[in-house]
Each structure stands twice: as structure tokens, then as C-alpha cells.
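Listed below are the residues making up each chain.
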Amino acid sequence: MPDTAEPSLRASRTKKVVIVDDSKTIRSWLRVVFAQDARLEVVGEADSAEKARQVIKHTRPDVITLDIEMPGMSGLDFLDRLMQLRPMPVVMISGSTQSNSDATITALTLGAVDCILKPSTPTNRDVWKDISRRVFSAACSTVQVTRRSMKEVARSRGQVGNDELPLILIGASTGGVAALEEVLSNLHTDGPPVVVVQHMPGAFLVSFSHLLNRNLSQDVAIVRAGEPLGAGQIRLAPSQGMHTEIVRERGQWSCALVSEPQNTLHCPSVDVLFRSALPFSKDVIGVILTGLGRDGADALLGLRKAGARTMGQDEHTSVIYGMPRVAWEIGAVQKQLPLSLIGEGINRAAALHASGKSKGRSS
């Protein structure tokens, strides 16, 4: 079914928005976009960080949209100071250049809730609805601000043949960049392979994969069709009109990229990834993290019923408690954990899987 469910939002009142962008054209366009949504009210705008501080102080918005590139203090520097002094939901507005993509990923690691790519067709009303929906959801989100660096987990799980490795599947959306940093940094560095669907434009995904590969001991990259997956590998599903599916032949994990039409709102889809692993459920660990909507919940339930170990992020640590909430409520999640414990939960699940394999060989 299409992923159309809105998150459980804590308040129904109109959300106040401040637009921070040095381009008058972009500010005017965003005003028009938000004016079409009765849930949003633009209460101020600014063309620089200095003006933004004053506008925010006087209007007390629920959410701000922030441009990456501004004169004087950059959007990143402003965001960094804002999150230290007055944390609030921020949605980044970014261009499509590689430098903008890298900066946007940095912004998400600093505490921004979401990122929106400036559209090539600014008159598209479907794009307007999507932007308004995401800004409203950000206004209702729980801001998670952490000052941490990704760390290596020194513990080793020992050498195990690839035909005995389980596969870790993770789905995430809004708030997922920071959440994935936390989870992946707590996994054993030579642990089972990981395949991730993170809802994000393709350019941002590439920047995110590069960031993770620099900062983690694991080998992190975008999924390549047919590439064998082994210990210590993390692969992110590409966002180029293709869904990622799991393949297992003669005990070897790999991924396929499929372009067949799917009845899903997102591409890549968490549901498509999870559903493709159903034949191998007993060797799968399924995880669902913060995100808007319900993508992944139904297929995670199928995985659990077929024998997979499953877990989800709890409400308190989720930026948007949408995807994990639905998964929990329909019974798809065996264990609901705070973000800081999910990595270790995955490690324990992998250890239990290895223990079960050992018993099977000795019996």
C-alpha cells in the first residue's frame, strides 16, 4: 500500500515558520508554498544570520527553513550556534551542487531535522505539498542535538564464513542521518553486512556515504548490483529511480537494483527492501528508525512472522516517531529501544544468530 500515513503529531495549532535565505526570490517562493497549507504561518524572514537572530527572538517560530549559502555567517555556522544556544527544528534548503550536498549532510549531523532540494520545477504543486508536509512535520518533531564523534567499536565477533553471516537491514527517513551515525558507529567493525534505505535525494546520499566511509572503520559505499556482501560492509541503497532488493545465492548475500513499478511513495522503499528478504527471514535482522510515514512497517511484520529478529527506535529518541511507531503498533517490532542501545541490540542479535548456527552444526 502507498505510504501516505502522517505521523502522530503532538499539536494541531498552526505552526509558525521563519524563512532564512539571502535570495528574495526563494523567500517569496517559499511564502507562496506555505500559504497553500493552512497548518503553516510564515511569521518572519531574514536574508542573513544577523537578521535571523533578531527575527527568531521576536517571533519564536516552531521551525525555520535555512539556506546553506548566505553572506557573512554561513548557514552551517549559524545552525551550529543556534543548536548550541537555542535548539529548534530546522529544515535546510539546498542546491544540487556537490558542495551544497556535502554541507547539507554536515547540517543534518549538527541537528537539522530535514533537507529539501531546491526544485527544478518550482511551480509543481505536488512538490509544494511535499515541502509543506515535511516542514510541518519538522515543526512537530523532537530536536535531537548531540555533540559526539563517531567511534570504532573495538570488540571483534571473530572470523565467520560469509555463508553463515546474517544480514542487517535498516530503514530510516527524517532524522535518519544522525540516527544512522549513532547506530552504525556502535556495530562490530567486522560484523555482518548492513544494507540501508535512507530516504534522501541521490546527491545527498553520495555525500552521506562518503562521510560514513571516512569516519567509520567499516567499508561504506552505495549499493552496487551483484556485489558480494561480506563482514564489515555497509551499503546504502541508491536514490535514482531504482529499488534495492536482497539476493542470496549459494549462501552469498548481494543486492539487485530493480526498476519495476512498485506501489510505494518512496524510491528506494524500505518495504521493497524488507519484503525481498522474506525468503531468508531467519538469517535477517530488521531495524526501523526515525522517519515520517509508515514505509517498512508492513514488510517488517512479514519478516518477524517468518522468523527474523526485529527492533525499532523508541519515541523519546526519534526525531519523527512515524515509521517506528506504526511498526511497533502493528506488532512488527520485537524490541523497541532508545537510539543509543540499538547498535548493541544488533550486535546481540548477530551473536544469537551465530550461536544458533553453531548449535545447528553440532547437532
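Predicted, not measured: the structure shown is a model, and the values here were computed from it.

**Observations regarding the sheet that holds strand β13 (residues 309–313)**
- Taken in spatial order, the seven strands of this open sheet run β8-β9-β7-β6-β12-β13-β14, and their pairing is parallel. Looking at which strands have only one partner, the edges of the open sheet turn out to be β8 (219–222) and β14 (335–337). In this sheet, neighbouring strand axes are inclined to one another by 20° on average, regardless of whether the strands run parallel or antiparallel.
- Judged from the three bridges that link them, strand β7 (residues 194–198) and strand β9 (residues 233–236) form a sheet pairing that is parallel. What sits directly across from V194, in β9, is I234.
- The strands touched by helix α7 (residues 202–215) within the sheet are β7, β8 and β9, with β8 carrying the most contacts at an inclination of about 170°.
- On the sheet, helix α9 (residues 297–305) packs against β12 (284–288) and β13 and is oriented at approximately 150° with respect to β12.

**What about helix α1 (residues 24–35)?**
- With twelve residues, α1 ought to run about 16 Å at 1.5 Å a step, and its terminal C-alpha atoms sit 16 Å apart, in line with that.
- Within α1, burial applies to I26, R27, W29, L30, V33 and F34. Take α1 and look down its axis: the buried residues cluster within an arc of 165°, on one side only. Counted as exposed and oriented over 90 degrees from the buried face of α1: K24, T25 and A35.
- Along its buried surface, α1 packs onto β1 (15–20), β2 (40–46), β3 (63–67), β4 (90–94) and α5 (125–139).

**Thoughts on the pattern of salt bridges**
- For the structure shown, the criterion picks out 17 salt bridges.
- Among the ionic pairs, R53 bridges to E50, the shortest N-O distance being 2.3 Å. Separated by three residues within a single helix, R53 and E50 lie in helix α2 (residues 49–59), roughly one turn from each other.
- With relative accessibility at 34%, the residue R53 sits in the partly exposed group.
- The exposure class assigned to E50 is partly exposed, which follows from its relative accessible area of 46%.

**Focus on the packing of aromatic side chains**
- With the rule as written, the count across this model stands at one aromatic pair.
- Cation over ring: R248 sits above W253, and NZ or CZ is 4.1 Å from the ring centre.

**Digging into the sheet that holds β2**
- Sheet architecture is open: five strands sit in the order β2-β1-β3-β4-β5, paired in parallel fashion. Both outer strands of the open sheet, β2 and β5 (114–117), are each paired with one neighbouring strand and no more. Going from strand to strand, the sheet's axes swing by 25° on average, the running direction of each strand aside.
- As paired elements, β1 and β3 share four bridges and run parallel to each other. Within the sheet, the bridge partner assigned to V17 lies in β3 and is V63.
- Running at roughly 170° to β2, α1 makes contact with β1, β2, β3 and β4 of the sheet.

Procedures and definitions
- Sequence order as written defines the numbering, with residues in each chain counted from 1.
- Reporting of local features is limited, given that this is a predicted model, to residues whose pLDDT is at least 70; pairs of side-chain atoms are given and counted only at 80 or more, and all residues count toward the totals for whole chains, interfaces and linings.
- Each side-chain value is derived from all of the structure's non-hydrogen atoms; neither hydrogens nor water enter the calculation.
- Strand pairing follows a simple DSSP-based rule, namely that at least 2 bridges must link the two strands.
- Numbering goes from the N terminus for both helices and strands, where a helix is a DSSP run of H or I of at least four residues and a strand is a run of E of at least two.
- Geometry is summarised by axes, namely lines fitted to C-alpha atoms with helices restricted to the contacting stretch, and by angles between N-to-C directions that run from 0 to 180 degrees.
- The contact criterion used is simple: two residues touch if any of their non-hydrogen atoms lie within 4.5 Å.
- Each residue after the first adds 1.5 Å to the expected span of a helix.
- Any residue under 20% of the maximum accessible area for its type is buried, any over 50% is exposed, and the rest in between are partly exposed; the area is computed with a 1.4 Å probe on protein chains only.
- The directions considered for the arc run from the helix axis to the C-beta atoms.
- By convention in these notes, a salt bridge is any Lys or Arg side-chain nitrogen within 4 Å of a carboxyl oxygen on Asp or Glu.
- Within 6.5 Å between ring centres, the rings of Phe, Tyr and Trp (the latter by its six-membered ring) count as paired, and their orientation is classed by plane angle as stacked under 30 degrees, edge-to-face over 60, tilted in between.
- Any Lys NZ or Arg CZ that is within 6 Å of a ring centre and within 35 degrees of that ring's normal is treated as a charge sitting over the ring.

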